[in-house]
Amino acid sequence: MTAQKPPAGARPPVIQIRQVIKSYGHGDAVVHALRGPSAPGGGEPLGVSLDIAEGDYVAVMGSSGSGKSTLMNILGCLDVPTSGRYLLDGIDVGHLDEGQLSLVRNRKIGFVFQSFNLVPRTTALAQVELPLAYAGVRAAERRRRALAALSLVGLAERAGHKPNQLSGGQQQRVAVARALVTAPAMLLADEPTGNLDSHSTEEVLSIIDGLNAAGRTVVLITHEDEVARHAKRVIRLMDGAIVSDVRQAEVDGPPPALGVEVGV
Amino acid sequence: MLWQMLRFALGGLAANKVRSALTMLGVLIGVASVILLLAVGNGSSVAVKDSITALGTNSLTVSSTSARGAATAAKKLTVEDAKALATATDAPAIKSVAPVVTTTATALYGNISYQPGSVVGTYPAYFETANQKVARGDYFSNDDVLNSRKVAVLGSATAKQLFDTEDPVGKKIVLGSTPFTVVGVLQAKGSTGFNDPDDVVIAPLPTVQNAFTGFGSVNQILVQAGSAEQTTEAQNDVSRILLGTHAIADPAKADFRISSQSSLLTARESTTRTFTVLLGAVAAISLLVGGIGITNIMLVTVTERTKEIGIRKALGAPRAVVLGQFLMESTLLSVLGAGLGVLAGLIGSHFSIVGIKPVVIPESVLGAFGIAVAIGLFFGSYPANRAARLRPIDALRHE
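The present account deals with the structure reproduced in this document.

About the thresholds
Residue positions are counted from 1 within each chain, in the order its sequence is given. Lettering for chains starts from A, numbering for ligands starts from 1, and both go in the order in which the items are written. Reporting in this predicted model follows two pLDDT cut-offs: at least 70 for local features of residues, and 80 or more for side-chain atom pairs to be given and counted; totals over whole chains, interfaces and linings ignore these cut-offs and use all residues. With hydrogens and water set aside, each side-chain value is computed from the structure's full complement of heavy atoms. Each helix is a run of DSSP H or I of at least 4 residues and each strand a run of E of at least 2, with the numbering of both proceeding from the N terminus. For a compact globule the rule gives 2.2 Å times the number of residues to the power 0.38, and the radius of gyration it is set against comes from C-alpha atoms. For every residue, the accessible area obtained with a 1.4 Å probe (protein chains only) is divided by the maximum for its type, and the residue is called buried under 20%, exposed over 50%, and partly exposed between those limits. Working rule for contacts: check all heavy atoms of both residues, and any pair within 4.5 Å makes them a contact. Note on areas: these come from Shrake-Rupley sampling with a 1.4 Å probe, and a residue is covered only by the protein chains present in the view. Note that His is not counted, nor are the chain ends; the positive residues are Lys and Arg, and the negative ones are Asp and Glu. The atom standing in for a charge is NZ when the residue is Lys, CZ when it is Arg, CG when it is Asp and CD when it is Glu. Strands were regarded as paired on the criterion that DSSP finds at least two bridges between them. Pairs of N or O atoms within 3.5 Å make up the polar contacts considered here, provided that, within protein, one atom can donate a hydrogen while the other can accept it, and that residues adjacent in sequence are counted only when both atoms are side-chain atoms. For any pair of parts, buried area is found by adding up, for both, the accessible area (1.4 Å probe) each one loses once the two are put together. Each salt bridge in this description consists of a side-chain nitrogen of Lys or Arg and a carboxyl oxygen of Asp or Glu lying within 4 Å of one another. Residues are grouped as follows: Ala, Val, Leu, Ile, Met, Phe, Trp, Tyr, Cys and Pro are nonpolar; Asp, Glu, Lys and Arg are charged; every other residue, Gly included, is polar. Only rings of Phe, Tyr and Trp enter the pairing, Trp through its six-membered ring, and a pair is recorded when the two centres are within 6.5 Å. The plane angle decides the type: under 30 degrees is stacked, over 60 is edge-to-face, the rest tilted. A helix is expected to span 1.5 Å for every residue after the first. In this context, the arc is that of the directions from the helix axis out to the C-beta atoms. Angles here are taken between N-to-C directions and fall from 0 to 180 degrees, while the axes themselves are lines fitted to C-alpha atoms, restricted in helices to the stretch in contact. With respect to orientation, any angle under 35 degrees is reported as roughly parallel, any angle over 145 as roughly antiparallel, any angle of 65 to 115 as roughly perpendicular, and every other angle as oblique. Note: crossing handedness is left-handed where the near helix turns anticlockwise from the far helix by less than a right angle, and right-handed where it turns clockwise. Within this scheme, the nonpolar core is defined by two criteria: the residues are buried Ala, Val, Leu, Ile, Met, Phe, Trp, Tyr or Cys, and they are joined through side-chain atoms within 4.5 Å.

Examining the overall build of chain A
Counting secondary structure elements, chain A contains 7 helices and 11 strands. The globule rule puts the C-alpha radius of gyration for 264 residues at 18 Å, and the 18 Å found for chain A is close to it. Taken along the three principal axes of its C-alpha coordinates, chain A extends 60 × 45 × 40 Å. Each of the 264 residues in chain A was classed as buried or not, and the buried ones make up 52%. Counting only contacts in chain A whose residues sit at least 6 apart along the sequence, the fraction spanning at least 24 positions is 72%. Total accessible area on chain A is roughly 11,500 Å²; 52% of this is exposed by carbon and sulfur atoms. In chain A, 26 positive and 27 negative side-chain charges are present, and the distance between their average locations comes to 8 Å.

Things to note about the pairing of strand β7 (residues 109-112) of chain A
All names here are of chain A. Burial along β7 is two-sided: the residues I109 and F111 and G110 and V112 are all buried. Note that β7 and strand β8 (residues 186-190) share 4 bridges and pair parallel. Paired with V112 across the bridge in β8 is A189.

Regarding helix α2 (residues 98-108) of chain A
Among the residues of α2 of chain A, L101, S102, V104, R105 and N106 of chain A are the ones counted as buried. In this structure, the buried residues of α2 of chain A make contact with β5 (83-88), β7 and α3 (124-135) of chain A together with α10 (306-314) and α13 (392-397) of chain B. Backbone nitrogen of G99 of chain A and a side-chain oxygen of the N-cap are separated by 3.1 Å at the start of α2 of chain A; the cap is D97 of chain A.

Examining the interface of chain B and chain A
Every contact between the two is made by 23 residues of chain B and, on the other side, 21 residues of chain A. In total, chain B and chain A occlude about 2,000 Å² of area from one another, counting both sides; carbon and sulfur atoms represent 58% of this. Inspection of the region where chain B meets chain A yields 4 salt bridges. A salt bridge links R391 of chain B to D79 of chain A; the shortest N-O distance between them is 3.2 Å. Between the two partners, chain B and chain A, sit 6 residue pairs in polar contact (both at pLDDT 80 or more). Among the secondary structure elements, those contributing two or more residues to the side of chain B that touches chain A are α1 (2-15), α10, α11 (319-348) and α13 of chain B. Top contributing element to the side of chain B that touches chain A by residue count: α10 of chain B, with 6 residues. Here the residues of the side of chain B that touches chain A are counted per class, giving 12 nonpolar, 2 polar and 9 charged.

A word on the packing of aromatic side chains
Two aromatic rings are characterised by how far apart their centres lie and by the angle between their planes. All names here are of chain B. Taken as a whole and assessed by the stated rule, the structure comprises 7 aromatic pairs over all chains. An angle of 45° between the planes, with centres 4.2 Å apart, marks the rings of Y109 and F163 as tilted. Taken together, the residues span a long stretch of sequence, with Y109 in strand β3 (residues 107-109) and F163 in helix α6 (residues 156-163) at a distance of 54 residues. Each member of the pair, Y109 together with F163, is buried. Among the aromatic side chains, those forming a connected cluster through ring pairs are Y126, F127, Y139 and F140.

What about unusual backbone geometry?
The phi angle at Q19 of chain A is positive, at roughly 50°, despite the residue not being glycine. Along the chain, Q19 of chain A turns up in strand β1 (residues 15-24). Positioned with a positive phi, A247 of chain B is a non-glycine residue whose angle comes to about 55°. Looking at where A247 of chain B falls in the secondary structure, it is placed in the loop between α8 (231-245) and β12 (256-260).

As for helix α4 (residues 139-152) of chain A
Taking 1.5 Å per residue, 14 residues should reach 20 Å; α4 of chain A reaches 20 Å between its end C-alpha atoms and fits that length. Along α4 of chain A, the residues classified as buried are R142, A146, A149 and L150 of chain A. Relative to the axis of α4 of chain A, the buried residues are bounded by an arc of 100° and lie together on one face. Every exposed residue of α4 of chain A that faces more than 90 degrees away from the buried side is listed here: A140, R144 and L152 of chain A. Structurally, α4 of chain A contributes buried residues whose contacts are with α3 and α5 (168-180) of chain A together with α1 of chain B. G154 of chain A sits one or two residues past α4 of chain A and shows a positive phi near 75°.

With respect to the packing of α4 of chain A against α5 of chain A
All names here are of chain A. Packing of α4 against α5 brings their axes to within 9 Å, and their N-to-C directions diverge by 135°. On the basis of the axis angle, α4 is oblique to α5. Crossing handedness for the pair α4 and α5: right-handed. Residues A149, L150 and L152 of α4 form the contact with α5, whose participating residues are V174, A177 and L180. Here the contact of α4 with α5 is composed, by residue class, of 6 nonpolar, no polar and no charged.

Points about the environment of V137 of chain A
All names here are of chain A. Tracing the chain through its elements places V137 in the loop between α3 and α4. Residue classification places V137 among the buried residues on the basis of a relative accessible area of 17%. Distance in space between the C-alpha atoms of V137 and T182 is 10.0 Å, their sequence separation being 45 residues. Sequence-distant contacts of V137, defined by excluding residues within four places in its chain, comprise L132, R142 and R145.

A few points about the sheet that holds strand β9 (residues 217-222) of chain A
Residue and element names in this part refer to chain A. An order of β7-β8-β9-β4-β10-β11 is seen for the 6 strands of this open sheet, with the pairing classed as mixed. Edge strands, defined here as strands with exactly one partner in the open sheet, are β7 and β11 (241-247). Put simply, the sheet's adjacent strands are angled 20° from each other on average, direction ignored.

Thoughts on the pairing of strand β11 (residues 220-225) of chain B
Residue and element names in this part refer to chain B. In terms of residue burial, β11 counts as a mostly covered element, since 5 of its 6 residues are buried. With 5 bridges connecting them, strand β1 (residues 59-64) and β11 associate as antiparallel partners. Residue pairing across strands places T61 opposite L222, the latter belonging to β11. The pairing of strand β2 (residues 94-103) with β11 spans 6 bridges and is antiparallel.

With respect to the nonpolar core
Of all hydrophobic cores here, the largest spans 72 residues; its most connected members are I15, Y86 and L88 of chain A together with V31 of chain B. Beyond its immediate chain neighbours, meaning those up to four positions away, Y86 of chain A contacts I15, Q16, I17, I74, L75, C77, I91, D92, V93, G94 and M186 of chain A. In terms of nonpolar packing, the next biggest core, distinct from the first, is built from 43 residues, A82, A91, A107 and L242 of chain B among them.

Shown next as structure tokens:
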């Protein structure tokens, strides 16, 4: 957290979603994966609206089919909404073409996936360098930053290991290092602990807590309450609409579970 | 960025070494066969050309044929015909004329008896016209012809049979029952077919006529044109003069036939060209098959690595980089395959194949390499495009 950080509210939210609808199919067969509340009387979906402030730590919860994966894909610029506006760090993502979207993904978003999604046959160092390579960072600089990111997740000594030589927890930590190496506006984690044992889960979550404590905005998608306890704000989705939005800690404060030993 | 793509591409190829090697083998075989088969075709054409040029390209052979009409008796070629050709003032294309009689006789030297392939009686002009050069000694002269001297020039094969390592020049041999003095030995020309041009005894025309054939007709008249370009003109002149001396009005009823080495050369060349084109076509097909192999493997690779493509796209890989990576992979396959193919083709061309010494056509090396690389780009562009077009969300969901 930087010392001269302006008071909350002075800066625009990192994420602004306005009346976003995502639907599949046409006519009678149309299915709304994201719909938001229905308009009074008519029943037309109004769309999901959501603001996420800089430095916040949001857990998006919901059962399967609730639309949380759709929301995550839209937030991550992997998918475009059917209607509505999405501003990421002040940029209206809706008007970007394929090339600009890949640029946004590269610069503004750090992904952490449930299934790690490391590039096969590639060393941890090269994995972490990859987004920098796509950003056109020079080799020496790339290496320095990648090593820094790896040591932040405690894997500096495993830089030369390939995915099949790392445990699940270590792979996910490499993925976290890869996600944060470009200093993105938002860390987007889709069930990051879904494939991990409880020990690795705590390791990965404490790293994410630490990142948020250092000022990084985190959006975390999960269906586990244990994981959601780490977040400052918990949003619940059901049938494509937000049904509850609970703040567990202040945006400017430390994440609630930071440094707290959680019973396993 | 290009260096990055090259690194990614090399990594991709290294990930599946056997598959990459087999795909490259397809291109390798294609390129090597193009180079090698064209070299074989070219080699055979060069060999035919060389053997025909060795006979002399600007020489014409006149031989007698039986007349078409039974009414007129076939008039044989005579020394007078040859003289008419030689003295004709209105035939500038004719450089020299040599009447030829051919017979066979047994040659004796000491106690060695040998039957040379042929005994030829002719004029000194024969040597130049038939492209025969002496290796030792000298030709016989016009003076020898006029005086019917019993001198002979031996072909290299005949000399070897009769004299082995001894120097034949100045020695006396007996042909039939006539003693001849050897004045020269010809250079070896090498066998071109059924008759060995080196197995011959050449002596002055009247001497051979006197000893063997009698002073009647001659078997052939050898005519040398001023140059290779003048052979057609010379052929027309010969035809016109001989029709005159034989008193034949209709050229279709000519009782002689003129054949030129250059017409033989042209016929043979067109045959070998067809041969080369056919070989080239077969090789080109194998190159195409190699190219299709690249497409096939790249499609498999793209399908197999769809998820990886999704990850890369999620990390912000622009479409051009994904396209470049896969295009680079296919091009690397073809470049490496073609490079090794060129190597294999050049090495292979050092061995003679079915008796033909291949002669590499430099254009075929460049052409085959270039086409292989172009094939890699062309056939790789479809799978690469497919990879680049994948939506990251679909690619990530792919299992």
